[in-house]
Amino acid sequence: MCFIARNIISRNSTEQTVSSTTITNTKVIESRPVPKPVSPFAKFRQLEKQNSVNSPNSPKTPQSPGSPSQPYFKFTDPALQLSAVTIKERLLQWCRDKTRDYENVKLENFSTSWADGLAFCALLHHFLPDAFDYAQLTPDKRRHNFTLAFKIADEKAGIYPLLDVDDMVSMRKPDWKCVFTYVQSIHRRFKDEL
């Protein structure tokens, strides 16, 4: 009994590798190895290793966010940097516009301005005024404010609770990126409403 096995592997659109093996009663008579395809991740690691060993100007380990020597992340294109700042400012301005008439809400940033939960409540109350009575809320009941806001957002508006009440209560200065992301969810849901 004799079998001829052929394997064809395409690389790019112009190159083909053909390997054939003749097998007689499970003995290999002739074999040429078929090169294994390399995953993109393996190629990336290989290039990264090659660049870090051979290049005197290879990238160094990134600095931690608290490092005084240089920023952790920086846009190199001025137009892109301006665009990112503009997006953040536009969203903050949208929030200011919607919460302008609410007591105890002064939005200056995406961190400390949201620390007592009232900004979330005011923003949601603007769009869902029948969901709860904003006048009953106070800044000193942070846990209640966060719980109410996240529950109303989830149940009445279908906004997934990306923030955790315990995390928000434990921080006096919330991570602005987390707040920004959650506020973006609120914006996406209500952006076409007045």
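Summarised in this report is the structure supplied together with it. A quick note: this is a predicted structure, and the numbers were derived from the prediction, not measured.

## Re the packing of aromatic side chains
Centre-to-centre distance and the angle between the planes together describe a pair of aromatic rings.
In step 1: Summed over the entire model, instances satisfying the criterion amount to 12 aromatic pairs.
In step 2: Residues phenylalanine 120 and phenylalanine 150 carry aromatic rings whose centres are separated by 5.6 Å and whose planes lie at 70 degrees to one another, so their mutual orientation is edge-to-face. Taken together, the positions of phenylalanine 120 in helix H3 (residues 118-127) and phenylalanine 150 in helix H4 (residues 142-157) put the pair 30 residues apart, joining distant regions of the chain. Here the two residues phenylalanine 120 and phenylalanine 150 agree in accessibility, since each one is buried.
In step 3: The interplanar angle of 65 degrees and the centroid separation of 5.6 Å between the aromatic rings of phenylalanine 120 and tyrosine 182 together place this pair among those described as edge-to-face. Remark: tyrosine 182 occurs in helix H6 (residues 176-190) and phenylalanine 120 occurs in helix H3; sequence separation between them is 62 residues.
In step 4: Overall, the relative accessible area of 0% leaves phenylalanine 120 in the buried class.
In step 5: When its relative accessible area of 0% is taken as the criterion, tyrosine 182 is described as buried.

## Some points on the environment of serine 113
In step 1: You can see serine 113 is positioned in the loop between helix H2 (78-99) and H3.
In step 2: Separated by 61 residues in sequence, serine 113 and proline 174 have C-alpha atoms that sit 9.1 Å apart.
In step 3: The contact partners of serine 113, leaving out residues within four places of it in the chain, are Lys106, Leu107, Glu108 and Ala119.
In step 4: At a separation of 2.9 Å, a polar atom in the side chain of serine 113 contacts the main-chain amide nitrogen of glutamate 108.

## What to know about the nonpolar core
In step 1: In terms of nonpolar packing, the biggest core is built from 38 residues, with Trp114, Phe120, Tyr134, Phe150, Val183, Ile186 and Phe190 touching the most fellow members.
In step 2: With 8 residues, the top contributor of residues to this core is H3.
In step 3: When near neighbours in sequence (up to four residues on either side) are disregarded, phenylalanine 120 contacts Trp114, Phe146, Ala149, Phe150, Leu163, Met168, Val179, Tyr182, Val183 and Ile186.

The rules behind the values
Residues numbered from 1 in each chain as written. Predicted model: local features only at pLDDT ≥ 70, side-chain atom pairs only at ≥ 80, totals over all residues. Heavy atoms only, no water. Phe/Tyr/Trp six-rings, centres within 6.5 Å; stacked < 30°, edge-to-face > 60°. Helix = DSSP H or I, 4+ residues; strand = E, 2+ residues; numbered from the N terminus. Buried < 20%, exposed > 50% of the residue type's maximum accessible area, 1.4 Å probe, protein only. Contact = heavy atoms within 4.5 Å. Polar contact = N/O pair within 3.5 Å; in protein donor to acceptor, adjacent residues only side chain to side chain. Core = buried A, V, L, I, M, F, W, Y, C linked by side-chain atoms within 4.5 Å.

That's the geometry; what it means functionally is another story.
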